[in-house]
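Each chain, written out:
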Amino acid sequence: MNSVIFLTIVLLALSSYFFGRKKAFAIRSSNTRLTALPKFYGYYLSIWCAAPAFIIFSLWSIFEPTVVKYVVLQSFSDQGLLEGELNLIFEKAKSLSRGQFSGEITTALQAAADKYASLRSTASASKAVIILCLLIASIAYAYNRLSKNNRTREPVEIFLQWLFFFASLAAILTTVGIVFSLLFQTIEFFKIIPFFDYLFGMHWYPAKAFVRDASEALDPSMYSDTFGAVPVFAGTFFIAFIAMCVAIPVGLLSGIYLAEYASKKFRQFAKPIVEILAGIPTVVYGFFAALTVGPFLKDIGTAVGLDVSAESALAAGAVMGVMIIPFVSSLSDDVINSVPQNLRDGSYAMGATKSETIKRVIFPAALPGIVGAILLAVSRAIGETMIVVMASGLAANLTFNPLESTSTITAQIVVILIGDQQFEDPKTQAAFALGLTLFVVTLILNVIALSIVKKYREKYD
Amino acid sequence: MNKIEAKKVNVFYGDKQALFDINMDIPERQVTALIGPSGCGKSTFLRCLNRMNDVIEICKVEGEIKINDYDINQKSTDVVRLREKIGMVFQKPNPFPKTLYENISYGPEIHGMAQSKDELDQIVEDSLKKAALWNEVKDRLHEPGTGLSGGQQQRLCIARAISVKPEVILMDEPCSALDPIATAQIEELIDELKKEHTIVIVTHSMSQAARVSQQTGFFHLGKLIEVGSTDKIFKNPNQQQTQDYITGRFG
Ligand SMILES: Nc1ncnc2c1ncn2[C@@H]1O[C@H](COP(=O)(O)OP(=O)(O)OP(=O)(O)O)[C@@H](O)[C@H]1O
Ligand SMILES: [Mg+2]
C-alpha cells in the first residue's frame, strides 16, 4: 500500500512538472509576459504536488505505529502491568495477527490481535484517501495561482533554500543526537561505576560483569576493579605509537620524494596508486596482520629465543602503520607542494642543493602542515578497530612490551557489544563511556590539527 | 672588460623555442638592463646566466655562456659554486620563513664561508648595511623575515644575495612590487653595488633602465634586437623597433 501511494505521488509530481510548463507556454502564447522561465512554472506545480503529500505521508508513517500500539494496549492499561510486559503483549498480538505466533493464545490476546489487524487496515485505507485528497487539493490550489500568472520563481527558490536547510539540519542533528545518546548512557554508567575508578583503575575485565537477570538487584561492589580504563588507554596509545613509528618516517620520506624529487610523470602515476592504497578495507589489513605478520614475528621471536605471543601489539601496530603510510605520504606531499615555488628558487639561487633546500627551507615552511597531517593520522590510528581486534587480542593487558598482546578502546567496544547484551547493564554502558572518551580524544586531536593546518594556510595565501 | 659573454644561446621549453641565437657581452662592474615586451624572453635569458633553468624540467639551453672565460654550460660545471658567484634577486620578494638573521646567514652557512659565530655575525651585519637595511632592522634580527614591508623584504633579498659576495647579481624586475619610494631606494642601492658587483637587471620601466644602467639590451620575440650603451639606445638607436618600443609607440 505504501509503495503504491509513494509511486502515485512521484508520478503525479513528474507529470505536473510538464503540465505546469505547458501552462506557461499557453500563457505566453496569449501574449502575456511570463513572470519566470517556463521551467519554474513546472517546478512550482511539481513542488506543490509532492511536498505536502510527502510531509503528511512521512508524519503519518512515523506516528501510526505509536497510535496503534496505544489503542491496542488500552484494554490492558488497568491491570498495572510493567512497561516490558505490555511491550511483550503487543509483540505477541502483532505476530498473532500475522499468523506467525506459536505460543498459548488467550482470549484477551486474540482480541488484541483482531483489534490490531482492523486498526491497521483502517489506518492504511484512510491514509490513502487523505493523501489523495491532499494531492488533488494542493495541485488545484497551485494550478489556480499559476494560471493567474502569479510569481513562481521566488516560491521555488524559497522552497529550495528550506530543502537545503533541512538537509544540513538533519546532518547536524544526527551528530548531536549520537553525541547525546553517548553522553546519557555514559552518565548512567558513572552512576554505578565511580568516575575515578574508571579513569584511574588499573584493571579492565568486562567479562566479570556477566549478563544479569533483569529481576536481580544491582550490586555496585560486584563491579569494583572491573572497569579501570588505564590498560585500555595505554594499549590504544601504545599501538598508535608503534603505528606512527612506522608511518611517519616512511610516509614523510615518500611524501618528500613525490613532491620534490619525482618527475612529473612518475608523480602523476604514483600519487593515485598511493591514494588507492588508502582505500584498502581495514579488514584486509587485519587478516594480513593476524595471518601473516603475527605468526612471522612469532617465528622470528622463537628463533632468537624470545617469547612472542602470536597476537602482539607489534604486529597490529606495524600493520596499522602500513595502513596509514599512504595517508601521511599523500597529505605531506600536498603540504610540501603548496610551499611556494619562489622559496625553492630563492634557495637554489643561493647555491643550495636539493637536500639542503628541503631540509632548511621547504621542511620548516611545511612543518605546521605536516604536523597537522600527522595529528590527523594519529586520530585515525586511535580510531582503528579491525586490525587490533584481529591481530592484537582482546584481553586488555597493561603492558608496554610490544611482543605481548594488548587491546585498545575500539577493540574493547567490539568485545563488549558482541553477543548478548542488555541495555541497562553497566557492561553495555561501559561501551558508551569508552566511545565518548574516544570521541573526545579524537575531537581534541582533530581540532588541534585543523587549526594548525589553517594557520599554515593563512601564512601563504 | 667583459664579465659575461653569451654566444649563440638558444633556449627551448619543450618544443617551443624561447630564445634565438642570443649574442651578448656584459661588461664588468656595470649595470646592464634588459628591456622588451612581456614574454620576449628576458627572464629566460637571465636565468641562463646562473643555470636556474636547470630547475625547470622541460627547459633546454644550447650555446656558450662564458663567465670569467669559463663556459658554464659544460657538464662539469659545479652549479653550487656557480650560484655562489652569481647571485639572484627575484621579482616578488621571497624571504625564507625564517628570522632575518637566518635569511642572511643561509648562504654563508651553505658555502661554509664563516669559521665562527662572530664571523657570521659580521657577514650578516655587512650585508644588511650594504643593502641599506641595517638601521631599520638591527634590533629585530631574530624576528621573522616575512614580517617586513615589501620594500624591506626586497632589500632583505638583496642582502641575502650579496651575503656570499657574488661577482654578478641578477635582478628580475626587482622593483615591480614596490612603491616609488622603495624603488628609489633600491635604485640608489644598485648604483652603490655596481662598484663591487656586475649587475644585470630586467625591467619594464624605461626610465629605470635609463637611470640605473650603462648598457641596455632590447629583446623582442626571443631575439636580441639591439644592444649598446644606454645613452645610445635611448637617444639614437640603430633599429626602428627599438625606437618604437622606447617611445611607447610599440604595438
Ligand atoms: N616554465 C616555462 N614553461 C614553458 N614556457 C615558458 C616557461 N617560462 C617561460 N616560458 C615561455 O618562454 C617565453 C619567454 O618567457 P620569459 O618569462 O622569459 O618572458 P619575459 O620576457 O621575462 O616576460 P615578462 O616581462 O612578462 O616577465 C614566453 O613565451 C613564455 O611563455
Ligand atoms: Mg620575466
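Keep in mind that what you see is a predicted model, and the values were worked out from it rather than measured. (Residues numbered from 1 in each chain as written. Chains lettered and ligands numbered in written order. Predicted model: local features only at pLDDT ≥ 70, side-chain atom pairs only at ≥ 80, totals over all residues. Heavy atoms only, no water.)

S.K.: Just give me the short version of the interface of chain A and chain B, but keep the residues and values in it.
M.R.: With 21 residues of chain A in contact, the opposing surface of chain B contributes 25 residues. A combined buried area of about 1,800 Å² lies between chain A and chain B, and 61% of that area is made up of carbon and sulfur atoms. If you sort the residues of chain A by the area they bury against chain B, Ala349(A), Met350(A) and Arg360(A) come out on top, with a joint share of 38%. If you look at where chain A meets chain B, you find one salt bridge. Here Glu109(B) makes a salt bridge to Arg360(A), at a shortest N to O gap of 2.6 Å. Summed over the shared surface of chain A and chain B, the result is seven residue pairs in polar contact (both at pLDDT 80 or more). If you list the elements that add at least two residues to the side of chain A that touches chain B, you get α11 (341-349), α12 (354-383) and α15 (426-460) of chain A. (Contact = heavy atoms within 4.5 Å. Buried area = accessible area lost by both parts, 1.4 Å probe. Salt bridge = Lys/Arg side-chain N within 4 Å of Asp/Glu carboxyl O. Polar contact = N/O pair within 3.5 Å; in protein donor to acceptor, adjacent residues only side chain to side chain. Helix = DSSP H or I, 4+ residues; strand = E, 2+ residues; numbered from the N terminus.)

S.K.: Any chance you could break down the site of ligand 1 for me, citing the residues and the numbers?
M.R.: Residues and elements named next belong to chain B. What surrounds ligand 1 is a group of 14 residues, the closest being Ser 38, Gly 39, Lys 42, Ser 43 and Thr 44. One nitrogen or oxygen atom from the main chain of Gly 39 is found 2.8 Å from an oxygen atom belonging to ligand 1. With respect to ligand 1, the side chain of Lys 42 contributes an N or O atom lying 2.8 Å from an oxygen atom. When contributions to the shell around ligand 1 are tallied by element, the ones reaching two or more residues are β2 (16-27) and α1 (42-49). Among the elements that make up the shell around ligand 1, the one with the highest residue count is α1 (three residues). (Near = heavy atom within 4 Å.)

S.K.: Run through the nonpolar core, naming residues and quoting values.
M.R.: Ranked by internal contacts, the top residues of the largest apolar core, which has 71 residues, are Tyr198(A), Trp204(A), Met320(A), Ile324(A) and Ile387(A). For Tyr198(A), the residues in contact, after removing those within four places along its chain, are Phe189(A), Phe190(A), Trp204(A), Phe227(A), Gly228(A), Ala229(A), Val230(A), Phe233(A), Ala433(A), Leu434(A) and Thr437(A). Of all hydrophobic cores here, the second largest spans 39 residues; its members include Ile35(B), Leu133(B), Trp134(B) and Ala209(B). (Core = buried A, V, L, I, M, F, W, Y, C linked by side-chain atoms within 4.5 Å. Buried < 20%, exposed > 50% of the residue type's maximum accessible area, 1.4 Å probe, protein only.)

S.K.: Requested: an account of the domain arrangement of chain A, with residues and values cited.
M.R.: One can read the domain layout of chain A as domain 1 (2-151) and domain 2 (230-460). Put simply, the middle of domain 1 of chain A and the middle of domain 2 of chain A, counted by C-alpha atoms, are 49 Å apart. (Domains from an automatic or database assignment.)

S.K.: Requested: an account of the packing of aromatic side chains, with residues and values cited.
M.R.: Residue and element names in this part refer to chain A. Scanning the model with the defined rule gives 27 aromatic pairs over all chains in all. Aromatic side chains Tyr 17 and Phe 18 sit 5.1 Å apart centroid to centroid with 75° between the ring planes, which places their arrangement in the edge-to-face category. Owing to a relative accessible area of 17%, Tyr 17 belongs among the buried residues under this scheme. Here the aromatic rings of Trp 48 and Tyr 141 are separated by 5.1 Å at their centres, their planes lie at 65°, and the arrangement is edge-to-face. With Trp 48 in helix α2 (residues 38-73) and Tyr 141 in helix α4 (residues 107-147), this residue pair connects regions lying 93 residues apart in the sequence. Among the residues examined, Trp 48 registers a relative accessible area of 31% and is labelled partly exposed. On the basis of relative accessibility, which here comes to 40%, the residue Tyr 141 falls in the partly exposed class. Connected via pairs of aromatic rings, a cluster forms that spans Phe 189, Phe 190, Phe 195, Phe 196, Tyr 198, Phe 200, Trp 204 and Phe 227. (Phe/Tyr/Trp six-rings, centres within 6.5 Å; stacked < 30°, edge-to-face > 60°.)

S.K.: A description of the pattern of salt bridges should follow, citing residues and the corresponding values.
M.R.: Overall, the coordinates contain 23 salt bridges over all chains when judged by the stated rule. Between Lys271(A) and Asp333(A) there is a salt bridge whose closest N-O contact spans 2.7 Å. On the criterion of sequence distance, the pair formed by Lys271(A) in helix α8 (residues 264-277) and Asp333(A) in helix α10 (residues 313-337) is long-range, its members being 62 residues apart. Here Lys271(A) and Asp333(A) have matching classes, each one buried. Here Asp121(B) and Lys117(B) are joined by a salt bridge, their closest N and O atoms 3.0 Å apart. Of this pair, Asp121(B) and Lys117(B) both sit in helix α4 (residues 117-130), four residues apart, which is roughly one turn of the helix. A residue is classified by how much of its surface remains accessible, and Lys117(B), at 53% relative accessible area, is exposed.

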